[in-house]
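Below are the chains, spelled out letter by letter.
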Amino acid sequence: MWERGMDAKQVLQHTLSLANAMAVDVLVETYYAAVQEFGCKYFILTGLPSAGQRFDQLVLERFWPEDWMSHYVSRDYVKHDPVVLTCVSRKRPFTWKEAVGRTRAYGPTANRIMMEAVDAGLRDGYCVPVIVRNALTGCISLAGDAPSAKADALPSLSALSLTFASRLQFLTDRKFHRDGPRLSQREREVLSWVAAGKTAWEISRILRISESTANKHVTSAMRKLDCVTRSQAIAKALILMEIAA
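Residues numbered from 1 in each chain as written. Predicted model: local features only at pLDDT ≥ 70, side-chain atom pairs only at ≥ 80, totals over all residues. Heavy atoms only, no water.

Colleague: Please clarify how the pattern of salt bridges should be interpreted in this entry.
Modeller: Think of it this way: side chains of opposite charge can pair up when their charged atoms draw near. Tallied over the full model, the rule gives 11 salt bridges. Between Arg90 and Glu98 there is a salt bridge whose closest N-O contact spans 2.8 Å. The partner of Arg92 in a salt bridge is Glu98, with the nearest N and O atoms 4.0 Å apart. One connected set of salt bridges, linked through shared partners, spans Arg90, Arg92 and Glu98. (Salt bridge = Lys/Arg side-chain N within 4 Å of Asp/Glu carboxyl O.)

Colleague: Looking at this structure, I do not really get the sheet that holds strand β1 (residues 42–48). What am I missing?
Modeller: Paired through backbone hydrogen bonds, the strands of a sheet run either parallel or antiparallel to each other. Strand order in the open sheet formed by 5 strands is β2-β1-β5-β4-β3, and the pairing between neighbours is antiparallel. The open sheet has two edge strands, β2 (59–63) and β3 (94–95), and neither has a second partner. Looking at chain direction, strand β4 (residues 124–130) and strand β5 (residues 137–144) are connected through 7 bridges and run antiparallel. Bridging from a neighbouring strand, Pro129 pairs with Cys139 of β5. Along the sheet, helix α4 (residues 82–90) contacts β1, β3, β4 and β5; its crossing angle with β5, the most-contacted strand, is approximately 135 degrees. (Pairing = 2+ DSSP bridges. Helix = DSSP H or I, 4+ residues; strand = E, 2+ residues; numbered from the N terminus. Contact = heavy atoms within 4.5 Å. Axes fitted to C-alpha atoms, helices over the stretch in contact; angles between N-to-C directions.)

Colleague: How should I be thinking about the packing of helix α9 (residues 185–195) against helix α10 (residues 200–207) in this particular structure?
Modeller: When two helices pack together, you describe them by how their axes are tilted relative to each other and by the distance separating the axes. Taken N-terminus to C-terminus, the directions of α9 and α10 make an angle of 130 degrees; their axes are 10 Å apart at the nearest point. Looking at the two axes, α9 sits oblique to α10. As for how α9 packs across α10, the hand of that crossing is right-handed. Contacts from Arg186, Glu189, Val190, Trp193 and Val194 in α9 reach Ile203, Ile206 and Leu207 in α10. (Parallel < 35°, antiparallel > 145°, perpendicular 65-115°, else oblique. Left-handed = near helix turned anticlockwise from the far one by under 90°.)

Colleague: How do you make sense of the environment of Thr229 when you look at a structure like this?
Modeller: Structurally, Thr229 can be placed in the loop between α11 (211–224) and α12 (230–239). Residue Thr229 is classed as partly exposed on the basis of its relative accessible area of 33%. Between the C-alpha atoms of Thr229 and Leu16, which are 213 residues apart in sequence, the distance is 33 Å. Of note is the side chain of Thr229, whose polar atom sits 3.1 Å from the backbone nitrogen of Gln232. (Buried < 20%, exposed > 50% of the residue type's maximum accessible area, 1.4 Å probe, protein only. Polar contact = N/O pair within 3.5 Å; in protein donor to acceptor, adjacent residues only side chain to side chain.)

Colleague: Got a minute to help me understand α10 in this structure?
Modeller: For the α-helix, the turn length of 3.6 residues means that residues three or four positions removed from each other point alike. Taken together, the buried positions of α10 are occupied by Ala200, Ile203, Ser204 and Leu207. Projected down its long axis, α10 carries its buried residues within an arc of 105 degrees, all on one side. For α10, the secondary structure elements touched by its buried residues are α9 and α11. Positive phi shows up at Arg208, right after α10, with a value of about 60 degrees. (Arc of directions from axis to C-beta.)

Colleague: Explain the environment of Leu12 here, please?
Modeller: On the secondary structure map, Leu12 appears in helix α1 (residues 8–20). Exposure remark for Leu12: the relative accessible area of 52% places this residue in the exposed category. With 144 residues separating them in the primary sequence, Leu12 and Ser156 have C-alpha atoms 8.9 Å apart.

Encoded structure:
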């Protein structure tokens, strides 16, 4: 079990570094280094979906096992995840152990999710509810093989995580407002339909354009948003309020 952690002075220093970070890459690097001091190898910052929203489109930042992420999304586990369900109902930081204690109330799928998470290297962790734009609520979930069990770990991680989530969204918004709108009206329209689950062929029929033109608009939007997948582009466009949730 990890027992390293930080003292109060170190937590304050790292929190101030996060609050004053001027670039997203520096912010993420600082936060990730800090949470690893508590034995948290992985983290994910995400909005929690409400009706009509997709979980994978609300993720703002993550160092999360790729295989587990793909499996989690494909099975739509967010609807049964005890950590997510506990976050929605409690609104305060908690340990994964607290969420595991509620799996019986959440049903058999909740227990299976936690067991499979262990196999993915997410044996235990913490969850900090945060405000995420374009979502009713959000959280930072942190995990590892053996996170710190020290009494001050949760409040320390909470201070670091709340600052990180706030600063990340501030820096993203500031860049957007400084640079101005990135996407053309047609690119927004096409990307909005992609977010709604429409194929390029369906979008071509809706907007009365060719299928190749629809794909070109998606590719152009991805390039402008500096994304390599459509899901990333949709998530970033939502964060930047280029498209509506």
